[in-house]
Amino acid sequence: LKRPSILVLGAGYGGLMTIVNLQKVLGTDAADITLINKNEYHYESTWLHEAAAGTMLPEEVRYDIQEVIDSVKTRFVQATVEEIDVVGKRVLTDNGEYTYDYLVIGLGFEGETFGIEGLDKYALSIANVKAARYIREHIEYQFATWSTEPIKDDSRLTIVVGGAGFTGIEFLGELANRVPELCKEFDVPREKVRVICVEAAPMVLPGFDPELVNYAVGHLEAKGIEFSIGTPVVEATPEGVKIKKADDQFEFIKAGTVVWAAGVRGSSVLEASQIESMRARVKVEKDLRAPGFPDVFIVGDCALMINEETNRPYPPTAQIAMQQGETIAKNINALIKGEDTATFVPDLKGTVCSLGEDDAIGVVFGKKVTGKRASFMKKMIDNRALFMVGGAKLVMKKGKFNVI
Ligand code: FAD
Ligand code: NAD
């Protein structure tokens, strides 16, 4: 009897958790498992703001996939997925064509620009490890150029961050610490540098606890970060961004660097497939399968699930992606054995938002935390994610132990 073949696309949090759990729950020789990922490494998306600001090196936020998978049970293929044909049950990549009995799509997120003019071309997005490295290098280049040019253009030293969601705030927290280092390294007076966060909504971190938001804003302002709130970015040009103010007037902010952190969507590869999606996210069935395609599961940021208590989608987070990976592995095992699949129920433990290396805000198990305590918790959450994928060995190698 032919063994069923399981194909997992993407080695992010969702894809890797699916793989490590499949390896655990499936009996020996129960299936052929293949994992396809663009790079030979996984990167911690939740650390990308650190690589983008330059407070961590790009190589620190990534590790080899082969280190955490069992090569006897899982075949790893480095390839870029170009097309998913769920009717023909095949996946086309730049490294050949793959067929499957069960497919798991975990291709992650891309930056959402909402069709705003110029953003695709002139803004940088913290979307993956290469993009993060580019942002870091771009900012360094602006500092280096300013310090050597005979007639100085101070707008080179202005950094605009679009969006004060968790990504924008975590990135600003790192920048607040990085800017003084850059000033020292490139002989730039600190007062020449401006870091401006532009947010469309009337508050920073819309919907989050106001007391914690005040704490975060106070912390960042004390380190020289400026906020422009209730002022959506409406256009980006090579010179900077245009924002709309409350009185319907427009203002142009000249900036050498524009980082767009104003939301995410799923993978454009998924969007081009036969599966129906909204902003490249598939509204999944309760057991995480794609509607109409009972052999296709969607994991992580490509999946959309409605929280029935709030009637709003669950936010796309690593926390949920990892839990979904566990459920999908169990559900594929159930299907292979001819059993019923289980409903996915997220177990939300809270949210911690870092404000640089030594500060953070958060709500954990319903309790508010700030400062060093919150920062410590954030590092433990990061280490726990490593542990769940690669055990103690990976924590020892990549974990965060620099508790201040
Ligand atoms: P990803 O982790 O994005 O992985 C997708 C994988 O697919 C990658 O390995 C990618 O290389 C690969 N891939 C993509 N396209 C292709 C292709 N065409 N072919 C082959 N491979 C491909 N969430 C939290 O819960 N807590 C946090 O603290 C947190 N912090 C964050 C900080 C930042 C700066 C950002 C940007 C996000 C943060 N998030 C956080 C959200 C979290 O990172 C995402 O929800 C999570 O990464 C989604 O996991 P995923 O497996 O769906 O996708
Ligand atoms: P987001 O959608 O949560 O926030 C985007 C922000 O950009 C919003 O505040 C929005 O009002 C603003 N915005 C939208 N259009 C704008 C415009 N034209 N001009 C200015 N501002 C505009 O996106 P995110 O922060 O990238 O987060 C993505 C996901 O990742 C979320 O689910 C988030 O919870 C998760 N995440 C979690 C953490 C954490 O837990 N520490 C950290 C980062 C990201």
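Residues numbered from 1 in each chain as written. Chains lettered and ligands numbered in written order. Predicted model: local features only at pLDDT ≥ 70, side-chain atom pairs only at ≥ 80, totals over all residues. Heavy atoms only, no water.

A.B. asks: How should the layout of surface pockets be read in this particular structure?
C.D. replies: It is a probe the size of a water molecule, rolled over the atoms, that shows where empty space is left. Counted as a void, the second largest pocket has a volume near 350 Å³. Glu50, Met56, Glu174, Glu357 and Asn402 are, among the 20 residues lining the second largest pocket, the residues nearest its centre. Mapped onto the lining of the second largest pocket, the elements with two or more residues apiece are α2 (48–53), α5 (166–186) and α9 (371–398). Of all the elements, α9 adds the most residues to the lining of the second largest pocket, at 4 residues. In the lining of the second largest pocket, the residues fall into 2 nonpolar, 8 polar and 10 charged. (1 Å grid on protein atoms, 1.4 Å probe; cavity = no way out; pocket = protein on both sides within 12 Å on 5 of 7 lines; lining within 4 Å. Points joined across faces, edges and corners; volume = space filled by probe spheres on them. Helix = DSSP H or I, 4+ residues; strand = E, 2+ residues; numbered from the N terminus. Nonpolar A, V, L, I, M, F, W, Y, C, P; charged D, E, K, R; others polar.)

A.B. asks: Explain the site of ligand 1 to me, please; I cannot follow it from the model alone.
C.D. replies: In the vicinity of ligand 1 lie 31 residues, with Gly14, Val81, Asp301, Ala318 and Lys378 positioned nearest. Backbone polar atom of Pro316 to an oxygen atom of ligand 1: 3.2 Å apart, as the coordinates give it. At 2.9 Å, a backbone N or O of Ala318 approaches an oxygen atom of ligand 1. Relative to its free-state accessible area of 1,000 Å², ligand 1 is covered by the protein chains to the extent of 90%. (Near = heavy atom within 4 Å. Polar contact = N/O pair within 3.5 Å; in protein donor to acceptor, adjacent residues only side chain to side chain. Areas by Shrake-Rupley, 256 points an atom, 1.4 Å probe, with all protein chains shown as cover.)

A.B. asks: Please clarify how the domain arrangement of the chain should be interpreted in this entry.
C.D. replies: In many analyses, interface size is given as the accessible surface area lost on bringing the parts together. Domain boundaries assigned for the chain yield domain 1 (5–38 + 79–111 + 265–348) and domain 2 (119–263). A C-alpha centroid distance of 34 Å is found between domain 1 and domain 2. (Domains from an automatic or database assignment.)

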